[in-house]
Every structure is written in structure tokens, then in C-alpha cells.
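Residues per chain are reported as follows:
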Amino acid sequence: MNFKGAILTKVKKPLQIVNNLKFTNLKRGQVLVKMFHSSICRSQIMEIEGKRGKDKYIPHLLGHEGSGVVEKVGNGVSKVLPGDKVFLSWIKGKGIETGGTKIKSNRGIINAGPVTTFSNYSIISENRCFLIPRKFPIKKSVIFGCALPTGAGIVINEIKPKPKDSICIIGLGGVGLSVLMACKMLKLKNIIVVDVDKKKINIAKKLGYKKNIILKNKKIAKSKIFRVTKGKYFDYTI
């Protein structure tokens, strides 16, 4: 089978679209997914920019959050079946861990980790595949792959805030909004949101958080924040 993907061939360079990626048989524990959607997070951008140290796997596929439909499963896979709608994540779940794989192309061997999403088909380790809840939109399920578990996990599993703790959330991207939703779920009230985008600030307001700062000048950040907090520091800043 042939498929195409966006390949990192050199750091600090644009990804290269390669059309002749090839594989034959799935290994035990692998799942072939037809990709519909993918997101990209800061860690992937840092990898492309060479800011995560020496990359010994170049050339390789990228992407660790996406969604699609299972096309085929390898031996031993029991978690998903062909036709299942799934989201993919870098976070390990139940199932077989297969590690990476090597994909043939006219350019030579292309490396791929246990989860990649920047291709029209991806070979995924069973433990990185998760069934999408019934009736949940396949496009929106991408957030389950990284942003939501990362942001909400920081609050619920890591800092475990007390009701009276003060928290500052800087940046309402996918992770920041997930942090905010977790705070809402835990009924935390002492929250301040900082962002440069008024539209994102408005989202925070709709969730009931009125203490916010639109910040476009880092030099006045401290004084602006202290005006809101009356000179007090936060218990946590995310």
C-alpha cells in the first residue's frame, strides 16, 4: 500500500511532502488508521525548529494527536476493529506497545514513532488508539489526543488545587482552555486569565471567569497583574 505524509528531513526547514511511502504487513499490535484530522502542538514545532536537542531519527514522520477511522489491525489487537472511529494520542493507554516502525520510500527508509498523524494513513501502536465516544464529532475528538489530557491533567493530577488557591492561566490555546475547563469543573473561583487575544478572553468570560488581562506588552505584565491581585502572588501559574 502507498500513502503520503509530511516528513521532517532537516531541522529548521519546511516539512517535505512525500507521496511514495510504502508498507506491506502490519506488525503484531499495530493499527492502520485512515487519517481525517490532525493538530500540532508546541512540542512538535520545537522539534521542527531543532529546539529539542539532537534528532537521531531524521528523516521521520511527525504528529501525535489526530483522529480517523481504523482500516486494518495487526495480530493481537483487541482494542479496536476496522471501521471504528478513533482518536490518537502520545499518551499510552491499554493495548500493545509496538514501538516505532520503518517505512520504505524512494528516498530511503523513513522512521515513524508509535504514533504519527501528519499523513493520510498512519501506522499506530494499539496503546495509542482510543475509541471516540458515540455521537462525538470526529474532528473535535482531536483535542483528546493532547490538549485536553495535558491541560486538565495538570490541574487534576499534578497541582490538585484547594478551593481557595489562586491560579493564573497564561495563554488560552488548546492546553490553556483545557486548564480553564478543569478549573470550572472543580468549581475553582480564584482564577485570573491572561492572553493577548480578546476573543479568547471572551471565552473565559462565558465560562464565568471575569478576572482577566489582555496583555500585549510584556514590560508592563507584572504591574498589570499586580493591579488585579492587589500585589499578591499566585499559588500556581500555568
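I will try to describe carefully the structure that is included in this document. (Residues numbered from 1 in each chain as written. Predicted model: local features only at pLDDT ≥ 70, side-chain atom pairs only at ≥ 80, totals over all residues. Heavy atoms only, no water.)

## Quick notes on helix H3 (residues 174-185)
For the α-helix, the turn length of 3.6 residues means that residues three or four positions removed from each other point alike. Convention followed: Secondary structure elements follow DSSP: runs of H or I of four or more residues count as helices, runs of E of two or more count as strands, with numbering from the N terminus. One less than the residue count of a helix, multiplied by 1.5 Å, gives the span that helix is expected to have. The cut-offs for exposure are 20% and 50% of the maximum accessible area for each residue type, with area from a 1.4 Å probe on protein chains only; residues under the lower value are buried, those over the upper are exposed, and the others partly exposed. Contacts: residue pairs with any heavy atoms within 4.5 Å of one another.
Here H3 is 12 residues long and its end C-alpha atoms lie 17 Å apart, about the 16 Å a rise of 1.5 Å per residue gives. Those residues of H3 not exposed but buried are Gly176, Ser178, Val179, Leu180, Ala182 and Cys183. Where H3 is buried, its residues meet helix H2 (147-159), strand S11 (167-170), strand S12 (191-195) and helix H4 (198-206). Lysine 187 sits one or two positions beyond H3 and adopts a positive phi of about 60°.

## Quick look at the packing of aromatic side chains
The description of two aromatic rings rests on the distance between their centres and on the angle between their planes. Heads up, the rule is: For this analysis, a ring pair means two rings from Phe, Tyr or Trp (six-membered ring only for Trp) whose centres lie within 6.5 Å, classed as stacked if their planes differ by under 30 degrees, edge-to-face if by over 60, and tilted for the remaining angles. Two conditions define a charge sitting above a ring: the NZ of Lys or the CZ of Arg must be within 6 Å of the ring centre, and it must be within 35 degrees of the ring normal.
Following the criterion strictly, the structure yields 5 aromatic pairs and no others. Ring centres of phenylalanine 136 and phenylalanine 144 lie 5.1 Å apart, and the angle between their planes is 45°; on these two criteria the pair is classed as tilted. Take phenylalanine 144: its relative accessible area is 22%, and that puts it in the partly exposed class. Centre to centre, the rings of phenylalanine 226 and tyrosine 233 are 5.0 Å apart; their planes meet at 90°, and the pair counts as edge-to-face. Taking the relative accessible area as the measure of exposure, phenylalanine 226 reaches 22% and is therefore partly exposed. Of the aromatic side chains, those joined through ring pairs into one cluster are Phe87, Phe130, Phe136 and Phe144. We note lysine 79 situated over the ring of phenylalanine 130; from NZ or CZ to the ring centre the distance is 4.2 Å.

## Observations regarding the environment of phenylalanine 130
When you line up the elements, phenylalanine 130 lands in strand S10 (residues 129-131). Each C-alpha atom, one on phenylalanine 130 and one on glycine 93, is 7.9 Å from the other, the two residues being 37 residues apart in sequence. For phenylalanine 130, the contacting residues outside a window of four places in its chain are Lys79, Lys85, Val86, Phe87, Ser89, Ile91, Lys92 and Gly93.

## Description of H4
Heads up, the condition is: Pairs of N or O atoms within 3.5 Å make up the polar contacts considered here, provided that, within protein, one atom can donate a hydrogen while the other can accept it, and that residues adjacent in sequence are counted only when both atoms are side-chain atoms.
Between a side-chain oxygen at the N-terminus of H4 and the backbone nitrogen of lysine 199 the separation is 2.9 Å; the capping residue is aspartate 197. Remark: glycine 208 follows H4 within two positions and exhibits a positive phi of approximately 100°.

## Details of the sheet that holds strand S6 (residues 85-89)
The condition is simple: Any two strands are treated as partners once DSSP identifies two or more bridges connecting them. With axes taken as lines fitted to C-alpha atoms, and helix axes fitted only over the stretch in contact, angles between N-to-C directions fall between 0 and 180 degrees.
Here 5 strands make up an open sheet; going across it, the order is S9-S3-S5-S6-S10 and the pairing antiparallel. Each having just a single partner strand, strand S9 (121-125) and S10 make up the two edges of the open sheet. Here the average twist between neighbouring strands, direction ignored, is 45°. Summarising the sheet, S6 and S10 pair through 3 bridges and their orientation is antiparallel. The partner of phenylalanine 87 across the bridge, within S10, is phenylalanine 130.

## Re the pattern of salt bridges
The test is simple: What makes a salt bridge here is a side-chain nitrogen of Lys or Arg within 4 Å of a carboxyl oxygen of Asp or Glu, nothing more.
All told, the structure shown has 2 salt bridges when counted by the stated rule. Among the ionic pairs, glutamate 49 bridges to lysine 51, the shortest N-O distance being 3.2 Å.

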